[in-house]
Each structure stands twice: as C-alpha cells, then as structure tokens.
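If you want the building blocks of each chain, they are given just below.
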Amino acid sequence: MHTLELTVNGQGHKVEVGLKTTLLEVLRDKLHITSPKVGCNTGDCGTCSVLLDGVLVRSCITNALSVQGKSVTTLEGIIEPGDIHPLQKAFHENYGSQCGFCTPGMILASKALLDANPSPTRDEVKEALSGNLCRCTGYVKIIDSVLAAADEMKS
Amino acid sequence: MAEGEFFRAASPQEAAGLLAQHGGSARVLAGGTDLMVAVNKRMFKPQVIIYLGDAGMSGISQEGDALLIGAATPLSVIQASPLVADKTPLLAAAIKQMASPAIRNAGTIGGNLANASPAADTATPLLALGASLKLVGAKGEREVPLAEFFTGPGQSVLGADEIIAQVKVPAQPAEAKWAYRKVGKRKAQSLSVVSVAVYCSISGGQVSGAAIALGAVAPTPLLAQDAAGLLQGKTLDEATIAAAAKAAAEATSPIDDARGTAWYRKRASEAVVKQLLTELAG
Ligand SMILES: Cc1cc2nc3c(=O)[nH]c(=O)nc-3n(C[C@H](O)[C@H](O)[C@H](O)COP(=O)(O)OP(=O)(O)OC[C@H]3O[C@@H](n4cnc5c(N)ncnc54)[C@H](O)[C@@H]3O)c2cc1C
Ligand code: FES
Ligand code: FES
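Calculation notes
- Residues numbered from 1 in each chain as written.
- Chains lettered and ligands numbered in written order.
- Predicted model: local features only at pLDDT ≥ 70, side-chain atom pairs only at ≥ 80, totals over all residues.
- Heavy atoms only, no water.
- Near = heavy atom within 4 Å.
- Polar contact = N/O pair within 3.5 Å; in protein donor to acceptor, adjacent residues only side chain to side chain.
- Domains from an automatic or database assignment.
- Contact = heavy atoms within 4.5 Å.
- Buried area = accessible area lost by both parts, 1.4 Å probe.
- Salt bridge = Lys/Arg side-chain N within 4 Å of Asp/Glu carboxyl O.
- Helix = DSSP H or I, 4+ residues; strand = E, 2+ residues; numbered from the N terminus.
- Buried < 20%, exposed > 50% of the residue type's maximum accessible area, 1.4 Å probe, protein only.
- 1 Å grid on protein atoms, 1.4 Å probe; cavity = no way out; pocket = protein on both sides within 12 Å on 5 of 7 lines; lining within 4 Å.
- Points joined across faces, edges and corners; volume = space filled by probe spheres on them.
- Nonpolar A, V, L, I, M, F, W, Y, C, P; charged D, E, K, R; others polar.
- Pairing = 2+ DSSP bridges.
- Arc of directions from axis to C-beta.
- Axes fitted to C-alpha atoms, helices over the stretch in contact; angles between N-to-C directions.
- Parallel < 35°, antiparallel > 145°, perpendicular 65-115°, else oblique.
- Left-handed = near helix turned anticlockwise from the far one by under 90°.
- pLDDT = per-residue confidence, 0-100.

Enquirer: Hey, could you run me through the site of ligand 1 in this one?
Expert: Taken together, 38 residues lie near ligand 1, and Val28(B), Thr33(B), Asp34(B), Leu35(B) and Thr108(B) sit nearest. The environment around ligand 1 is built from residues contributed by chains A and B. Here an oxygen atom of ligand 1 and a backbone polar atom of Val28(B) are 2.6 Å apart. Within the contact set of ligand 1, an oxygen atom lies 2.8 Å away from a backbone nitrogen or oxygen of Gly32(B).

Enquirer: Explanation requested: the domain arrangement of chain B in the structure shown.
Expert: One frequently used descriptor of interface size is the decrease in accessible area upon assembly of the parts. Residues and elements named next belong to chain B. Split by domain assignment, chain B resolves into domain 1 (5-51), domain 2 (60-170) and domain 3 (177-281). Put simply, the middle of domain 1 and the middle of domain 2, counted by C-alpha atoms, are 19 Å apart. Taken together, the contacts link 12 residues of domain 1 with 15 residues of domain 2. For the pair domain 1 and domain 2, the two sides together bury roughly 900 Å², of which 72% comes from carbon and sulfur. The largest per-residue losses of area from domain 1 upon contact with domain 2 belong to Ala 16, Thr 33 and Asp 34, which jointly make up 38% of the total buried on that side. Connecting domain 1 to domain 2 are 0 salt bridges. If you look at where domain 1 meets domain 2, you find 1 residue pair in polar contact (both at pLDDT 80 or more).

Enquirer: So what exactly am I meant to see when it comes to the side chain of Gln172(B) here?
Expert: All names here are of chain B. Among the secondary structure elements, Gln 172 is positioned in the loop between strand 10 (162-170) and strand 11 (177-184). Overall, the relative accessible area of 8% leaves Gln 172 in the buried class. Looking at Gln 172, its side chain comes within polar contact range of the main-chain nitrogen of Leu 90, at 2.9 Å. Dropping the residues within four chain positions of it, Gln 172 is found in contact with Lys 87, Thr 88, Pro 89, Leu 90, Leu 129, Trp 178 and Tyr 199.

Enquirer: Quick question: what am I supposed to make of the layout of surface pockets here?
Expert: Remark: the empty space left among the atoms is shown by a probe the size of a water molecule rolled over them. Its volume calculated, the second largest pocket comes out at about 690 Å³. Forming the boundary of the second largest pocket are 23 residues, of which Lys126(A), Glu127(A), Ser130(A), Lys187(B) and Ala188(B) lie nearest the centre. Of all the secondary structure elements, the ones that give two or more residues to the lining of the second largest pocket are helix 4 (122-128) and helix 5 (139-154) of chain A together with helix 5 (89-96) and strand 11 of chain B. Residue contributions to the lining of the second largest pocket peak at 4 residues, all from helix 4 of chain A. Its residues assigned to classes, the lining of the second largest pocket comprises 8 nonpolar, 6 polar and 9 charged.

Enquirer: Explanation requested: the pairing of strand 3 (residues 49-52) of chain A in the structure shown.
Expert: Side chains on a regular strand alternate between the two faces of the sheet. All names here are of chain A. Side chains Ser 49 and Leu 51 project from strand 3 onto one buried face, and the interleaved Val 50 and Leu 52 project onto a second face that is buried too. In the sheet, strand 3 pairs with strand 4 (residues 55-58) via 4 bridges, with the strands oriented antiparallel. When the sheet's bridge partners are listed, Leu 52 is paired in strand 4 with Val 55. Hairpin remark: strand 3 followed by strand 4, antiparallel, with 2 residues in the connecting loop; positive phi at Asp 53, about 45 degrees. The pairing of strand 3 with strand 5 (residues 71-73) spans 2 bridges and is antiparallel. The residue of strand 5 that forms the bridge with Leu 52 is Val 72.

Enquirer: Where do I start with helix 1 (residues 23-30) of chain A in this structure?
Expert: Each α-helix winds once per 3.6 residues, and so residues spaced three or four apart point in a common direction. All names here are of chain A. For helix 1, the complete set of buried residues consists of Leu 23, Leu 24, Val 26 and Leu 27. Buried residues along helix 1 cover an arc of 165 degrees about the axis, so they all sit on one side. As for helix 1, its buried residues are in contact with strand 1 (2-8), strand 2 (11-17), strand 3 and strand 5. One or two residues past the end of helix 1 sits His 32, with phi positive at roughly 55 degrees.

Enquirer: Sorry, what's going on with the packing of helix 2 (residues 86-93) of chain A against helix 3 (residues 103-116) of chain A here?
Expert: When two helices pack together, their arrangement is captured by the angle between the axes and the distance separating the axes. Residues and elements named next belong to chain A. Where helix 2 meets helix 3, the closest approach of the two axes is 10 Å, and the angle between their N-to-C directions is 125 degrees. By the criterion of interaxial angle, the relationship of helix 2 to helix 3 is oblique. In this structure, helix 2 meets helix 3 at a crossing whose hand is right-handed. Of the residues in helix 3, those touching helix 2 at Leu 87, Gln 88 and Phe 91 are Thr 103, Met 106, Ile 107, Ser 110, Lys 111 and Leu 114. Its residues assigned to classes, the contact of helix 2 with helix 3 shows 5 nonpolar, 3 polar and 1 charged.

Enquirer: I tried to follow the sheet that holds strand 3 (residues 48-51) of chain B on my own but got confused; where do I start?
Expert: Across a sheet, paired strands are connected by hydrogen bonds in the backbone, their directions being either parallel or antiparallel. Residues and elements named next belong to chain B. Here we have 3 strands laid out as an open sheet, ordered 1-3-2, and parallel in their pairing. Bordering the open sheet on either side are strand 1 (5-8) and strand 2 (26-29), each of which pairs with just one other strand. Within this sheet the neighbouring strands show an average axis-to-axis angle of 20 degrees, counted without direction. Note: strand 2 against strand 3, 4 bridges, orientation parallel. Along strand 3, the bridge assignment pairs Val 28 with Ile 50. Contacting strand 1, strand 2 and strand 3, helix 1 (residues 12-21) runs over the sheet at an angle of about 170 degrees to strand 3.

Enquirer: Hey, could you run me through the confidence of the model for chain B in this one?
Expert: Atom-level detail of predicted coordinates should not be read off regions where pLDDT is low. Mean pLDDT for chain B: 95, with 99% of residues reaching 70 or above. Scored as a whole, the predicted complex attains pTM 0.97, and scored at its interfaces, ipTM 0.97.

Enquirer: I'm lost on the domain arrangement of chain A in this one. Help?
Expert: All names here are of chain A. What the domain assignment lists for chain A is domain 1 (2-77) and domain 2 (86-154). Contacts between the two partners involve 16 residues from domain 1 and, on the opposite side, 13 residues from domain 2. For domain 1, the biggest contributors to the area lost against domain 2 are Leu 51, Leu 56 and Leu 75; these three give 41% of the whole. Applying the counting criterion to the domain 1 and domain 2 interface returns 0 salt bridges. In this structure, the connection of domain 1 to domain 2 is made through 4 residue pairs in polar contact (both at pLDDT 80 or more). Only strand 3 and strand 4 provide two or more residues apiece to the side of domain 1 that touches domain 2.

In structure tokens, the structure reads:
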C-alpha cells in the first residue's frame, strides 16, 4: 500500500491506497464523500466528475496516486454547508434534476464552464456538458438551469 | 510487494531508466483515460506504474518552422493554445472533436499515440501534417516519423524501455488548405467510425503537395500516399477528386465492429475524402 495525501474541499487527508485505486474510490469508500457517483466506471457518463486543482476530470479513471498533493473539489465543497450555490438553486427552480444521479457531475461541469466563461451561449453549455449523461430529466431543462445560473451569478 | 510500486518520474530519461530497470512489468501512466479504463475493466493489472505527470513533459513551444508539443500535454491545453491555433489549426480542429471536456483535460497527446488505437484521433491530423516523435529510451533518444510509428492495433515501434517524449509538428504554411471530419455514432464522447484529414498546398491553381490521412479504417491510422500522389500537379477538379477518393478508399482495410461495418467504413472513407477535397477546391 502507498500513502496518498490530498486536500478535499479544503481539508487535508491521508489515506492508504493501492496501484489500482481510483480517486472515486478514495472519495466514496475512504472519505465517505458520496456526491460523486459510480455510474459507468469507464469515463463515459460523467457522474463521477470532480474538480482537480480547479480542472474538471473523471474521478473513476483518475489514478489515486496521480493526485498526490493536489486539491479536489466535489459538489459538497462548492459552497459552505447550509448555503445554496446559484447553480444548485437554478437546477432546483428550473426542474434541472429528477432522480439526481447525474446532478453532481452536471453541476461541477457547469461550474467549470462558468468559472472560465461567465456568459456562455446555449451551444457552449451543450459542449461543456457533452460528456455528462442524464437518463431521466433530459437535457433541455439542465441547459436552461445553467443559463439561469449564469444570469443570476452575473447580477 | 503485492501491491507493486508507483514512481513519479522527474524526467523522460528517468522514466525510461525505470522502464528498463523493471523489465516488462512496468507501465507508464499519463492521464490514465485509456489505462485506468483497462484497469477498471480488469483487462490490465498494474504491477509497477511510472507516472509522467511530473516529468516536465507538458508544454508547447516553437522551434523554427515546427511546434514542439510535450507528450504529456493534456489535449485541452493543445486545443486552447493560441500557438497551435495559429501554426497547426488542423490539429486543433481534430482535438476539439475528441471525447468530451473532462477527458480532454486529463488525456494527453502522447497517451493517445502510444495507445496506438486505429481510431486515435490525434494520429490522423498529425500524419497529414508530417509529424514526428522524439522517443527517449534508457540508452538514448531517436526521432521517428509518425508515418513509421504504428505497426498494428495497439502496436508500435516503441521499445520496451522507450517513451514518447515529444511530438514535433511542422507548421502549416499560411496558404495551405486543410479540412477534417470525424464520423462517429454521436457528436460528443464517441470514438471515430471514420476520420479523415486532408492537407494541400496549392500554387498557381495546382496542387504542389498533398496528404490524405484516415483513421479507424485500417489496423493503424493510415496515410493514403497513392491517393495523395494522384493530386500532385493537378487542379482539384471533379475527376481528380473522384479518383483520389477512390484510391483512398482502396487503401483502407476496415473491420466490422460495434461502431460500424467494414462495408460502411470503406464507402464512408470514399465519400468523406471526396467531400473534404471538394471543400478545399471551393
Ligand atoms: C469516454 C472516453 C472517450 C474517449 N474518446 C476518444 C476520442 O474521441 N478519440 C480518441 O482518440 N480517444 C478517445 N479516448 C481515449 C483516450 O482518452 C485518449 O487516447 C487519450 O489521449 C489517452 O491519453 P492518456 O494520457 O489518458 O493515456 P494513458 O491512459 O495514461 O496511457 C495510455 C497508454 O499509453 C501509454 N503511454 C502514455 N503516455 C506515454 C508516453 N508519453 N510514452 C509512452 N507510452 C505512453 C500508457 O502506458 C498506456 O499504455 C476516450 C476515452 C474515454 C474514456
Ligand atoms: S462513473 Fe466516471 S464517467 Fe461514469
Ligand atoms: S436526473 Fe436522473 S440521471 Fe439525470
């Protein structure tokens, strides 16, 4: 086993991992942070998305030891507990979530977009979410939610 | 040690040295977007991993008329690079259509080439542009034209103690014409069924240099040299284009798989080459 030190949502952690361990397994099984979901485990669906030093990645195909010393943000870390992020509020108000399984990944992919581009076009939102699959809400309301959040965050 | 060892190479030379030291049991890891999928599917059990993320192999610079792209440069960094947009827009256009943003943030150009998939989407533009690779081994380095790199599906001339350190891409002359098209099952996040890059210099209305590269239609990414030869010294008229497209399709040797049939791939190759050359003529 190897010792992995990383920061998750601002807090430092030290965990023991193997060569095959993924960042998703560290987050869910060792740190019990469960917003990143296990969907496909092959990089296809996006529900395990997290921000790694601010960059959107798939935690299911990120080797845990490759994130040594880095900083991870999950949905839990985008806003103080008890508060609601404009993206969360917009998904709520615009019916952007049904079962919610894809939602953590959708919100983090949207946050990565809005951090880089606060006024995206509809097509830019589509491109930013192109690796995130939803099998119940459908994409129209999700895209509406992101555009609503962008408006809210600008005002 | 049951769980094996994980090394963070500080340079390409150190990575190559570690590969030599650990024989066949070691594998290098870049973004992990191919390797970790294989691990999760239990198709590959790592014993020794040599991580390239800290090996100083990421970055893009210009040397004379060529771009030097570190093999561990993430695809998204290449896609966003003003230098790449300016000097090799064909490469930027192809990367833009790969996978999805999160995969491009992690996946690297070196990983895409080393994996040697027939459908590796950076291979088609790089073949058309005449790129070459700097390979670093335990005993020294060598430069290999990309056109001589792939030897079969998942196979290349890469030695057991060698890594790809750098990709060298000749800059596109401002007057060169190019076009790229990827045909997939859906727009995003899908592997190529056929991909085509065409690249042409035209002077005085005649083709003075041409390259046609195709992906996912042969055991390796393919440079259709005979087809490109038919364009040499010609004007891009309908008959010339049709002959080149036919020759390009003849050079393919596709397979049936879940993404498409061999029959479809051959016909699509011809149609897409024709379409792109017609675009260049217009
Ligand atoms: C959902 C999804 C969608 C995808 N879509 C596409 C697509 O549209 N087009 C496409 O072409 N690919 C696609 N891929 C495949 C993959 O993302 C790319 O091939 C990527 O560029 C691999 O780079 P990496 O750094 O992640 O490689 P890794 O997984 O780190 O490595 C891949 C292989 O190359 C070796 N390697 C890595 N770097 C080097 C080096 N510098 N020298 C020698 N060997 C090296 C590794 O040992 C391993 O065998 C997709 C993958 C996923 C999961
Ligand atoms: S669980 Fe990671 S992309 Fe599906
Ligand atoms: S809300 Fe159920 S998968 Fe998207």
